Amino acid sequence: MSILAVQPSLASPAPSDRVAPDTAAGEESTAHPLAEVIGADLTVPLVHGGAARYVNLDYAASAPALRAVADRVAELLPLYSSVHRGAGYASAVCTSAYEAARAEIGRFVGARDDDVVILTRNTTDALNLLAAAVPGAAPGGVVHLDIEHHANLLPWQRLGSRAVRARDTRAQTVAAVEAELTASPAALLAVTGASNVTGECPPLAELIALAHRYGARIVVDGAQLVPHRRVSLAASGVDYLAFSGHKLYAPYGAGVLVGRRDWLQAAPPYLAGGGAVREVRLGRTDWADAPARHEAGTPNVIGAVALAAACRAVAALGPDAVSAHERALTSRLIEGLAAIDGVRTFRLWPGGDDPDRIGVATFTVDGYPASLVAQYLSAEHGIGVRDGRFCAHPLLARFSADGATADGAGVRASLGLGSRAEDVERLLAALSSLRAHGPAWSYAGPEAGHVPEPDPRALPDWLAGAAAGPEAACAG
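Quick caveat, the model's predicted, so the values are computed rather than measured. (Residues numbered from 1 in each chain as written. Predicted model: local features only at pLDDT ≥ 70, side-chain atom pairs only at ≥ 80, totals over all residues. Heavy atoms only, no water.)

(A) View of the pairing of strand 9 (residues 217–221). Of all five residues making up strand 9, five are buried, and the element is well covered by its neighbours. With five bridges connecting them, strand 8 (residues 188–192) and strand 9 associate as parallel partners. Bridging from a neighbouring strand, alanine 190 pairs with valine 219 of strand 9. Crossover connection from strand 8 via helix 6 (residues 204–213) to parallel strand 9: handedness right-handed. Strand direction decides the pairing type here: strand 9 and strand 10 (residues 240–244), joined by three bridges, are parallel. Pairing of valine 220 across the sheet is with leucine 241, part of strand 10. (Buried < 20%, exposed > 50% of the residue type's maximum accessible area, 1.4 Å probe, protein only. Helix = DSSP H or I, 4+ residues; strand = E, 2+ residues; numbered from the N terminus. Pairing = 2+ DSSP bridges. Right-handed = clockwise from strand over helix to strand, strands pointing away.)

Here you go:
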C-alpha cells in the first residue's frame, strides 16, 4: 500500500440538499468562533458584483491577530522605545515588557528551568539558528522525515542530513526512523508536530523516546502544532521547539526557539552585532551568554509582546475547548469533502486512526487545476484558501507520483479559533456548485495563474495605485 493514498469521494447530494447538521435551511450556524480575531466581519468584493463576508480558511499560512493581541500592541505602541540599556521611562517599560514576554512564552510551552527562549523572526529563522548550533554539524548528523515543510528540511539538508521516507502507517514510520538511527548515530532528529499539508500528527511520544534511546536530541517544528495543541517541553521531553507568532494569532514578525541551553551557549552567535556581546576590542570579541548571544540588533519588542499576549490568550481558553471546537469543524470538513463526487483529500496514513489531527485538509477537484479552484473560491464566493505545494515539495511530489494530484499541487483549507461552522458549509456548497455547474466567471490559463478575466474587484483605497491586484500570489 502506498502511504500517499487519496480518499475516494462518495456521490454528492445536490447543492440545494446540503444543509449544515446544526441548522435549518437558510439559517446561520449556531457554532461560533472560539475567540475574536481581527477581520472576523471583513466584507470582500466578488467578481460578479456585490460582496460577501470573507471566509478565511487559510489559518495554516498566517492566522489573523486575536483581538486581545491587537489591544495589547495598541497599549504598548505609545511607549515604544529602545530595549535594553535605555535610561528613559519608555525604554525601561519596553525592556520589562520584552523580558516578561520571553518568560510568558517559556511558560506557555512548559520550558524547563535551564531552557533558553530565543526570540527570532519565525520558525524558519529559529530552525536555521539551531542548525548552526548542532555540535560538529557532521554530515549525516541530522535525521528527518521526507514529509517536512521546507523550514524543517532545508537547514538540515545543508548539513548533509539523512531523510527517512515515511511509511504506510505511523508504527512503520517509527520503525523506519529506528532503523536509520540504528544504522548510524545522529545528533538530532527533526520532526514536524503536525503536517501542514494533511493536518496529521506523527507519534511524537514514540519519536521522542526513540531519539533519546539512541543518544540523539529531538527538535519539533511546532509551527502548525502549537496553535492547535498545548505542548510542554518539560512533560514531553522535547529538546527543542520552534514556532511562529504569525501562525499563533500574533502576526507581528516574531518567532521563537526554545530548548536546552548547552548547544545554544556553545554555538557561535547566529548574527554578529550589537546586543550579542559583553566586550568588543579591535582584535577580539567576548560574546554574551544565550539568549542575548543570538539576538543581535534591535529586537522586535512589538512582536515579542504580541506573541506573549497570544500565548496568554490561547492558554486562557483551555486545551479542551480548543480541541473540541476544532474537532467538530474538522470532522464536518473532512466528511463534507468526502461526500462531494470528484473531490479527493490527501492522507499520509490512510485507513489508520487519527488520534489528534489538526484542522487542515488538502484536496483536489477532478477536472480543475488547484490554482483555478482557489481563484474560483475567492472570486465567486469570497473564500480564502491556499493552493500549490505548500513549501513541502518532496511530499507533494509523492502525492503526484501516486496520482493524488495531476498538476503536482493541491488546495488547502485550514481552520482556527475564528472559524465557524458556516465557513465550512460555505466551502462545501461552493465546491458542490463547481462540480455541478462549473465556474460562472471566465479565468485565464495556467501561465497567468488562472486569475479571473476580467477582474473588476478594486483594491482598498489606501492601496490605490499599487502594482499588484487581488490576483497576485506567491509561488510555493
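Next comes the rest of the description.
(B) Structural context of helix 3 (residues 123–131). The buried fraction of helix 3 is high, at eight of nine residues. Regarding helix 3, the residues found buried are Thr123, Asp125, Ala126, Leu127, Asn128, Leu129, Leu130 and Ala131. The residue sitting at the N-terminus of helix 3 and contributing the capping side-chain oxygen is asparagine 122; that oxygen lies 3.3 Å from the backbone nitrogen of threonine 124. (Polar contact = N/O pair within 3.5 Å; in protein donor to acceptor, adjacent residues only side chain to side chain.)

(C) Up close: the sheet that holds strand 8. Taken in spatial order, the seven strands of this open sheet run 5-11-10-9-8-6-7, and their pairing is mixed. In this open sheet, the two edge strands, each paired with only one partner strand, are strand 5 (116–120) and strand 7 (162–164). Between one strand axis and the next, the sheet turns through 20° on average, direction left out of account. As judged from the three bridges shared by strand 6 (residues 142–145) and strand 8, these two strands associate in the parallel manner. Its bridge partner being in strand 8, valine 142 is matched across the sheet by leucine 188. Relative to strand 5, helix 2 (residues 89–108) is tilted by about 115°, and along the sheet it contacts strand 5, strand 10 and strand 11 (255–259). (Axes fitted to C-alpha atoms, helices over the stretch in contact; angles between N-to-C directions. Contact = heavy atoms within 4.5 Å.)

(D) Quick look at unusual backbone geometry. Here the amide bond leading from alanine 290 into proline 291 is cis, since omega sits at 10°, within 30 degrees of zero. For proline 291, the location among the structural elements is in the loop between strand 13 (285–287) and helix 9 (301–317). Glutamate 453 connects to proline 454 through a cis peptide bond whose omega is -10°. Phi is positive for histidine 84, close to 70°, though the residue is something other than glycine. For tyrosine 249, which is not a glycine, the phi torsion comes out positive at approximately 65°. Among the structural elements, tyrosine 249 can be located in the loop between strand 10 and strand 11.

(E) Up close: the pattern of salt bridges. All chains considered together, the criterion is met by 27 salt bridges. The closest approach of N and O atoms between glutamate 178 and arginine 213, which form a salt bridge, is 3.5 Å. In this pair, glutamate 178 sits in helix 5 (residues 170–183) while arginine 213 sits in helix 6, placing the two residues 35 residues apart along the sequence. Take glutamate 178: its relative accessible area is 27%, and that puts it in the partly exposed class. Across the pair glutamate 200 and arginine 347 runs a salt bridge, and its minimum N-O distance is 3.1 Å. Placement of the pair is glutamate 200 in the loop between strand 8 and helix 6 and arginine 347 in the loop between strand 14 (343–346) and strand 15 (360–365), with a sequence separation of 147 residues. Pair check on accessibility: glutamate 200 and arginine 347 agree, each one buried. Each of the salt bridges in this network shares a partner with another, and the network as a whole consists of Arg53, Glu422 and Asp423. (Salt bridge = Lys/Arg side-chain N within 4 Å of Asp/Glu carboxyl O.)

(F) Geometry of the confidence of the model for the chain. In this model, the chain carries a mean pLDDT of 90, and residues with pLDDT of at least 70 account for 89%. In this model residues 1–30 is a low-confidence stretch, pLDDT under 50, and it forms 79 contacts with partners more than four residues away in sequence or in other chains. (pLDDT = per-residue confidence, 0-100.)

(G) Fine view of the packing of helix 10 (residues 319–338) against helix 13 (residues 421–437). Remark: helix 10 packs on helix 13, axes separated minimally by 10 Å, with the N-to-C direction vectors making an angle of 10°. As summarised for this structure, helix 10 and helix 13 are arranged roughly parallel, according to the angle between their axes. On the side of helix 10, the interface is formed by Leu329, Arg332, Leu333, Gly336 and Leu337, while helix 13 contributes Ala421, Val424, Glu425, Leu427, Leu428 and Leu431. Looking at the contact of helix 10 with helix 13 residue by residue, the class counts come to eight nonpolar, one polar and two charged. (Parallel < 35°, antiparallel > 145°, perpendicular 65-115°, else oblique. Nonpolar A, V, L, I, M, F, W, Y, C, P; charged D, E, K, R; others polar.)

(H) Quick look at helix 5. Along its 14 residues, helix 5 runs 20 Å from first to last C-alpha, staying within 8% of the 20 Å computed at 1.5 Å per residue. By the burial criterion, the buried members of helix 5 are Arg170, Thr173, Val174, Ala176, Val177 and Leu181. An end-on view of helix 5 places all buried positions within 160° of arc, on one side of the element. Along helix 5, exposed side chains directed more than 90 degrees from the buried face belong to Ala171, Thr182 and Ala183. (Expected span 1.5 Å × (residues − 1). Arc of directions from axis to C-beta.)

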